[in-house]
Amino acid sequence: MAPLMFKDAFWGSEFTCHAGYDAVIQRLRDGGQMCKDVEELLKMRSLAEEKYGKELVTIARKAGGHTEISTLRTSFDQLKTQIENIGNFHIQLSDILKEEVKKIETFRERQKEQRKKFQSIMEKVQKKKVSLYKKTMESKKNYELRCKEADEAEQGAEKTGVTSKNPDKVRHRAKQCRQTANEAEKLYFTNTVQLESVRQDWEETHKSTCEVFQQLEGDRINMLRYTLWDHCNHFSMQCVKDDEFYEEVRKLLEQCDITTDINCFIEMKSTGSKPPEPILFESCYQAGMSGNSNGQAHFAGGGDDMMRRCSDSPLASSSSANISMDSLQNSQAALTSIDEFESSDGGYAPLPGLQYAASLPQVYADEDTYIAHYAFSAQEVDELSINRGDVVRVLERGEDGWWKVDRDGLTGLVPGNYLGKI
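Residues numbered from 1 in each chain as written. Predicted model: local features only at pLDDT ≥ 70, side-chain atom pairs only at ≥ 80, totals over all residues. Heavy atoms only, no water.

Undergrad: Got a sec to walk through the packing of aromatic side chains? Specific residues and values, please.
TA: Throughout the structure, instances matching the rule amount to nine aromatic pairs. Seen in terms of ring centroids, F15 and Y133 are 5.2 Å apart; in terms of plane orientation they differ by 25°. Their pairing is stacked. Residue F15 is found in the segment before α1 (19–62), and its partner Y133 is found in helix α2 (residues 70–160); the two are separated by 118 residues along the sequence. On the basis of an interplanar angle of 70° and a centroid distance of 5.6 Å, the ring pair of Y374 and Y418 is categorised as edge-to-face. Here Y418 lies in the loop between β6 (410–415) and β7 (419–421) and Y374 lies in the loop between β3 (369–372) and β4 (391–397), a separation of 44 residues in the sequence. A network of ring pairs unites the aromatic residues Y374, F376, W402 and Y418 as a single cluster. When the ring centre of W202 is taken as origin, the NZ or CZ atom of K129, which lies over that ring, is 3.6 Å away. Lying across the ring of W403, R397 places its NZ or CZ 5.2 Å from the centre. (Phe/Tyr/Trp six-rings, centres within 6.5 Å; stacked < 30°, edge-to-face > 60°. Helix = DSSP H or I, 4+ residues; strand = E, 2+ residues; numbered from the N terminus. Lys NZ or Arg CZ within 6 Å of the ring centre and 35° of its normal.)

Put into structure tokens, the structure is as follows:
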């Protein structure tokens, strides 16, 4: 595209018209305002970046995570470190923007000084041109008036020369009018010559001023263009740096391992590898009994007598039977839940006289007999409440997970995953 020139495009249609020059001046003023707008934008962005950076640093320093351990703790600490680095980078970017603001302000003030310098010269030439133009136009009017008067005086002298009593006076008056017209002509001519000289001077000044103003406008556009370009580059670089910082976090997160963290916790806080021993039944009549370490009870002697004393007390007899029944069911449920049940001579021996209670669950030991591992409270009328250790018979297995069971003649629905095979 062929470049256009200010000096060829901003002339006025009339001699005293300065609309073209005024348009150029207004453009320069608008350019100065644009510089101020860019300065304000960078100032606000600088403040925002500084505030954001400081907030990120504060967040990183106040973040907890001290209760975590192992690889996840390392990843979280790395994240806090990188967040603080990003915050510091934003603070540095704020300082860079402040320097850009100072550069634009200096550039704008320098252009303003140059514009005012040439504007002052141009205004002086314009005032001189306008003033001399007015003077020339006045001398032209005076010259035209004097010429008209001289012509009229000469024509009057010719007409009245024969009949006039004083022909010399009339001719003298016509001669004076002609002299006055000649003087006016000289003055008008002189003013016209001077005006032409001033006009040429104004024209050259207008051209040179337009060239300078066009150069200033080009410099301004170029400076703002590169400023905005650098501004975009700064924030593109910020995005790249942010991604690099977060990539460091991602590298550690790739090494974060669930098994490693759980093993670390177990190794640090482990309290033991075996459960406590069960609480065994202890009879109130320990004198005639001796217990070994695995819970077996042996009567030292007088077994019949001991049974007789136990049977003499209804409370003791019923309590012993009930306790033995619950203990047997609870022990059986615990063994069944872990799918390990071994019967040997070294197992728990039943208390004498309670063979009846120990043999009760065997009545239901078939494929539909289950034991409750968890307690369940009925919520609907068709459901059945069960306690942990209850032995039930499965009547129907629903595909939705609810099983219909029988417990002591009562039937209802219970969650199938609450039951275990005996």
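Undergrad: I'd like a description of the pattern of salt bridges, backed by residues and values.
TA: With the rule as written, the count across this model stands at 24 salt bridges. With a shortest N-O distance of 3.8 Å, E248 and K251 are connected by a salt bridge. With E248 and K251 both in helix α3 (residues 167–255) and three residues apart, the pair spans about one turn of that helix. Taking relative accessible area as the criterion, E248 reaches 34% and is therefore assigned partly exposed. Residues participating in the shared-partner salt-bridge network are E196, R199, E203 and K207. (Salt bridge = Lys/Arg side-chain N within 4 Å of Asp/Glu carboxyl O. Buried < 20%, exposed > 50% of the residue type's maximum accessible area, 1.4 Å probe, protein only.)

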